[in-house]
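Given next are the chains, with one letter for each unit.
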Amino acid sequence: MNILLIEDEGRVADFVRRGLAAEGWSVDHAANGEDGLELAAQNSYDVVLLDLMLPGIQGQDVCRKLRARKSKMPIMMLTALDEPEEKVEGLKIGADDYLPKPFDFDELVARVEALHRRATGYVTDVSDTIITSGAIAFDRASLEVNVAEKPIELSKKERDLLQLFLTSNGRVLSRERILNTVWGLNADPLTNVVDVYVGRLRRKLGQEGQRIVTLRNVGYRMT
Ligand code: CA
């Protein structure tokens, strides 16, 4: 996924850029609205992350200009202004989502993914409860998992882990990301629980387990 980040605060920009790069996404950064508009004119981005308080052109105007160009790029506003009127205003001028600072990194990632899914027309509704990938079928309603049409027994964590892999669309998942998503933010970052559970999940999935590839010092990826 290609992301355009328009943010003047170096510290925030570094944090977001490093984190999104660890998700395997590429990030172009503009420190002001003019540069952001220029980059957006030259490239196509899957999601634009737009700060509101910018030097020069304000974020709201960047958003208006992008929409005036008929750009359909999904825009998420990032801002310390979290008054409800600001939010309504942002959505009215064409932003697709709005995330107040300070934000939780996992929430940013989840929202970026949701925006991207919406924009690409991939919508999961309640009737779409079964995720299939290769010979694996995962029913999110009944929580049954079948491999080659045979049910397999998974613990809750193993199921959560499998669901994360199945919805990651082949992206690299860092150990931190897996740990935060499946075990929560309070998990001990030094634990090897991720490796242990990936090993178990691989065995239980049999042949399909081979699709979970280890990337040394990076994390895992389901091919
Ligand atoms: Ca700012």
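Structure's up top.
Residues numbered from 1 in each chain as written. Predicted model: local features only at pLDDT ≥ 70, side-chain atom pairs only at ≥ 80, totals over all residues. Heavy atoms only, no water.

**What about the overall build of the protein chain?**
In terms of regular secondary structure, the protein chain is built from eight helices and twelve strands. Projected onto its principal axes, the C-alpha positions of the protein chain cover 60 × 40 × 35 Å. Nonlocal contacts in the protein chain, meaning residues at least 24 apart in sequence, comprise 56% of its contacts between residues at least 6 apart. For the protein chain, the exposed area adds up to about 11900 Å²; of that, 50% sits on carbon and sulfur atoms. Side chains of the protein chain carry 30 positive and 35 negative charges; the gap between the two charge centres is 5 Å. (Helix = DSSP H or I, 4+ residues; strand = E, 2+ residues; numbered from the N terminus. Contact = heavy atoms within 4.5 Å. Areas by Shrake-Rupley, 256 points an atom, 1.4 Å probe, with all protein chains shown as cover. Lys, Arg positive; Asp, Glu negative; His and termini not counted. Charge placed at Lys NZ, Arg CZ, Asp CG, Glu CD.)

**Some thoughts on unusual backbone geometry**
Cis geometry marks the peptide bond from Lys101 to Pro102, where omega comes out at -5°. Residue position: Pro102 is located in the loop between strand E5 (97-100) and helix H5 (105-119). Non-glycine residue Lys70 carries a positive phi angle of around 65°. Position of Lys70 among the secondary structure elements: in the loop between helix H3 (59-68) and strand E4 (75-79). Backbone geometry places Glu149, a non-glycine residue, at a positive phi of 65°.

**Here we look at the coordination of the calcium ion**
For the calcium ion, every protein donor is listed as Asp8 (OD), Asp51 (OD) and Met53 (O), and the spread of their distances is 2.1 to 2.3 Å. Site description for the calcium ion: donor spacing in sequence, D-x42-D-x1-M. The class of Met53 is partly exposed, set by a relative accessible area of 48%. (Donors = N, O, S within 2.8 Å, 3.2 Å for Na, K, Ca; no water. Buried < 20%, exposed > 50% of the residue type's maximum accessible area, 1.4 Å probe, protein only.)

**Overview of the pattern of salt bridges**
What the rule picks out here adds up to 16 salt bridges. For Arg177, the salt bridge identified is with Glu113, shortest N-O distance 3.9 Å. Of the two residues, Arg177 sits in helix H7 (residues 175-183) while Glu113 sits in helix H5, which places them 64 residues apart along the sequence. In this pair, the class of Arg177 matches that of Glu113, namely buried. We note a salt bridge from Arg175 to Asp195, for which the minimum N-O separation is 2.7 Å. Here Arg175 is found in helix H7, whereas its partner Asp195 is found in helix H8 (residues 193-205), with 20 residues between them in sequence. Several salt bridges share partner residues, and in doing so they unite Glu23, Glu113, Arg171 and Arg177 into one network. (Salt bridge = Lys/Arg side-chain N within 4 Å of Asp/Glu carboxyl O.)

**Some thoughts on the layout of surface pockets**
Any space left empty among the atoms is revealed by the rolling of a water-sized probe across them. Put simply, the largest pocket is a space of about 520 Å³. In terms of lining residues, the largest pocket is bounded by 20 residues, among which Glu113, Arg117, Thr167, Ser168 and Asn169 are the most central. Contributing elements (two or more residues each) for the lining of the largest pocket: H5, helix H6 (156-166) and H7. The leading source of residues in the lining of the largest pocket is H6, at four residues. Residue composition of the lining of the largest pocket, by class: six nonpolar, eight polar and six charged. Formed jointly, the lining of the largest pocket draws a minimum of three residues from each of two domains, domain 1 (2-120) and domain 2 (130-222). (1 Å grid on protein atoms, 1.4 Å probe; cavity = no way out; pocket = protein on both sides within 12 Å on 5 of 7 lines; lining within 4 Å. Points joined across faces, edges and corners; volume = space filled by probe spheres on them. Nonpolar A, V, L, I, M, F, W, Y, C, P; charged D, E, K, R; others polar. Domains from an automatic or database assignment.)

**Re the side chain of Glu158**
Note that Glu158 resides in helix H6. Taking relative accessible area as the criterion, Glu158 reaches 2% and is therefore assigned buried. There is a polar contact of 2.9 Å between the side chain of Glu158 and the side chain of Lys204. If we skip the residues at most four places from it in the chain, Glu158 touches Glu153, Tyr197, Arg200, Leu201 and Lys204. (Polar contact = N/O pair within 3.5 Å; in protein donor to acceptor, adjacent residues only side chain to side chain.)

**A few points about the nonpolar core**
Counting residues in hydrophobic clusters, the biggest one holds 25 residues, and the most contacted among them are Leu162, Phe165 and Ile178. Breaking this core down by element, the ones donating at least two residues are strand E7 (136-139), strand E8 (145-147), H6, H7, H8 and strand E12 (219-222). Among residues more than four places away in sequence, those in contact with Ile178 are Leu161, Leu164, Phe165, Leu173, Trp183, Val194 and Tyr220. (Core = buried A, V, L, I, M, F, W, Y, C linked by side-chain atoms within 4.5 Å.)

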